[in-house]
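# Residue-level structure breakdown
The residues making up each chain are set out below.
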Amino acid sequence: MTLDAVDVAFTEAAVGAGIATILMLATLAITSARQKPSEKRALAPMLAAVATGLVLAYGLADLPPFADPEAPAHRHVAPRYLNESAKEIGIPNVVTSVLASYRGYDTLGEVTVIFTAGVGVLVLIGRTRHRRRENDDE
Amino acid sequence: MSLLSEIFAYFNYWVVVILIMLGMYVVMANPNLVKKVIGLNIFQTAVFIFYISMGEIEGGTAPILDDAFTRYANPLPHVLILTAIVVGVATTALALALAVRIYRAYESVEEDEIDAEDARAEVQE
């Protein structure tokens, strides 16, 4: 909690670490848990990753130092949320106020994304097994 | 001395850079589709850490209003990442469903085996 993000910590612990792990294990149970050893040397991806890392490291130089109170990110809408949300929304937890009220449309969009992903999962692996034979000759 | 403090002022961001490099490498280099998804998740987590680190303020506390505190962490990155975590799990589920579907069609989640199968099917046509 050194980053003061309690809500994010709880969500990540419950949703990120919990559900994602279950999904991952379920997939491994359905597919194969073992990977074939490959002798292919992956030089190009290594170079691409290192190049990206170098660009990011170059970009770090322009960031404000960690936990700097004068950083531009803290001088835009955040002070307004912190100062006015108690009056305007009336909940002590500012994260909840912003999530459900100031940025309610974001949350609506999030629900849309989850719904679409759920539909996609059902379409992909819901009840397609009986059609596999017909598609074999393609 | 000043170099050391310079490095520690950006410590979180260095971790982010390393995690992004790791995730990217796994996504590109690993032929196993499930492990590609894991690489994507590592990449995603790096972005989460980046945002949450940006929201931190020296001497601040969690953004829950109370008379005892006057300085709070920036709540906006927390909200964005809260949304991103949930969306990330949804996209992970979709990606894994794709992997399962591919496994049902090809009996494999290895990229090279799938490519070999495709090449064989093309020759047969």
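Only a predicted model underlies this, so the values are computations on that prediction, with no experimental measurement involved. (Residues numbered from 1 in each chain as written. Chains lettered and ligands numbered in written order. Predicted model: local features only at pLDDT ≥ 70, side-chain atom pairs only at ≥ 80, totals over all residues. Heavy atoms only, no water.)

### Overview of the interface of chain B and chain A
Listed per partner, the contact involves 68 residues of chain B and 70 residues of chain A. Across the contact surface, chain B and chain A share 0 salt bridges. Counting only elements with at least two residues in the side of chain B that touches chain A, the list comes to helix H2 (11–29), helix H3 (33–55) and helix H4 (75–106) of chain B. With 24 residues, H4 of chain B is the largest single contributor of residues to the side of chain B that touches chain A. Its residues assigned to classes, the side of chain B that touches chain A shows 46 nonpolar, 12 polar and 10 charged. (Contact = heavy atoms within 4.5 Å. Salt bridge = Lys/Arg side-chain N within 4 Å of Asp/Glu carboxyl O. Helix = DSSP H or I, 4+ residues; strand = E, 2+ residues; numbered from the N terminus. Nonpolar A, V, L, I, M, F, W, Y, C, P; charged D, E, K, R; others polar.)

### A closer look at unusual backbone geometry
Residue and element names in this part refer to chain B. One non-glycine residue, Glu-107, lies in positive phi territory at about 60°. Residue position: Glu-107 is located in the loop between H4 and helix H5 (111–124). With a relative accessible area of 53%, Glu-107 lands in the exposed category. (Buried < 20%, exposed > 50% of the residue type's maximum accessible area, 1.4 Å probe, protein only.)

### Looking at H4 of chain B
Residue pairs spaced three or four apart in an α-helix point in one direction, given the helix's 3.6 residues per turn. Residues and elements named next belong to chain B. The terminal C-alpha atoms of H4 lie 46 Å apart, and with 32 residues this matches the ideal 46 Å at 1.5 Å per residue to within 8%. The N-cap of H4, judged by a side-chain oxygen 3.1 Å from the amide nitrogen of Leu-76 a few residues on, is Asn-74. Glu-107 occupies a position one or two residues after H4 and carries a positive phi of about 60°. (Expected span 1.5 Å × (residues − 1). Polar contact = N/O pair within 3.5 Å; in protein donor to acceptor, adjacent residues only side chain to side chain.)

### Topic: H2 of chain B
Here H2 of chain B contains 19 residues, and its C-alpha end-to-end distance of 27 Å stays within 8% of the 27 Å for a straight helix at 1.5 Å per residue. Along H2 of chain B, the residues that are buried comprise Asn-12, Tyr-13, Val-16, Val-17, Ile-20, Gly-23 and Ala-29 of chain B.

### Concerning a negative patch on the surface
A grouping of Asp-112, Asp-115, Asp-118, Glu-122 and Glu-125 of chain B is seen on the molecular surface, where their side chains present a negatively charged patch. For Asp-112 of chain B, a relative accessible area of 40% puts it in the partly exposed group. (Patch = residues over 30% accessible without salt bridge, like charges linked within 9 Å, V, L, I, M, F, W, Y side chains within 5 Å. Areas by Shrake-Rupley, 256 points an atom, 1.4 Å probe, with all protein chains shown as cover. Lys, Arg positive; Asp, Glu negative; His and termini not counted. Charge placed at Lys NZ, Arg CZ, Asp CG, Glu CD.)

### Quick word on the confidence of the model for chain A
Summing up the model confidence of chain A, the mean pLDDT is 82 and the portion of residues at 70 or higher is 88%. Mean pLDDT values for the elements of chain A range from 51 in helix H6 (residues 132–135) of chain A up to 91 in helix H5 (residues 104–125) of chain A. (pLDDT = per-residue confidence, 0-100.)

### A short note on the nonpolar core
With 19 residues, the main nonpolar core has Val-8, Tyr-81, Val-94 and Val-98 of chain A together with Ile-52, Ile-81 and Ile-85 of chain B as its most contacted residues. At the level of elements, helix H1 (6–30), helix H3 (78–88) and helix H4 (94–102) of chain A together with H3 and H4 of chain B are the ones that each hand at least two residues to this core. Broken down by element, this core gets its largest block of residues, 6 residues, from H4 of chain B. Apart from residues no more than four positions distant in its own chain, Ile-85 of chain B is found in contact with Val-8, Thr-11, Glu-12, Val-15 and Gly-16 of chain A together with Phe-48 of chain B. (Core = buried A, V, L, I, M, F, W, Y, C linked by side-chain atoms within 4.5 Å.)

### Examining the pattern of salt bridges
In this structure the tally under the stated criterion is 6 salt bridges over all chains. A salt bridge links Arg-75 of chain A to Glu-70 of chain A; the nearest nitrogen and oxygen atoms lie 3.9 Å apart. Taking relative accessible area as the criterion, Arg-75 of chain A reaches 57% and is therefore assigned exposed. Measuring nitrogen to oxygen at the nearest pair gives 3.6 Å for the salt bridge that ties Glu-111 of chain B to Lys-36 of chain B.

### Here we look at the side chain of His-74 of chain A
Considering the arrangement of structural elements, one finds His-74 of chain A in the loop between helix H2 (43–60) and H3. Of note is the side chain of His-74 of chain A, whose polar atom sits 3.2 Å from the side chain of Asn-74 of chain B. The contacts of His-74 of chain A, once residues within four sequence positions are left out, are Asp-68, Pro-69 and Pro-79 of chain A together with Met-54, Gly-55, Glu-56, Ile-57 and Asn-74 of chain B.

### Digging into the packing of aromatic side chains
Residue and element names in this part refer to chain B. On inspection of all chains with the given rule, the structure shows 4 aromatic pairs over all chains. With a centroid separation of 6.1 Å and 45° between ring planes, the pair formed by Tyr-10 and Tyr-13 is classed as tilted. The exposure class of Tyr-10 is buried, given its relative accessible area of 12%. Tyr-13 gets classed as buried once you look at its relative accessible area, which sits at 3%. Seen in terms of ring centroids, Phe-50 and Tyr-51 are 6.3 Å apart; in terms of plane orientation they differ by 75°. Their pairing is edge-to-face. Look at Phe-50 and you get partly exposed, because its relative accessible area is 23%. Through a chain of ring-to-ring contacts, the aromatic side chains of Tyr-10, Tyr-13, Phe-50 and Tyr-51 assemble into a single cluster. (Phe/Tyr/Trp six-rings, centres within 6.5 Å; stacked < 30°, edge-to-face > 60°.)

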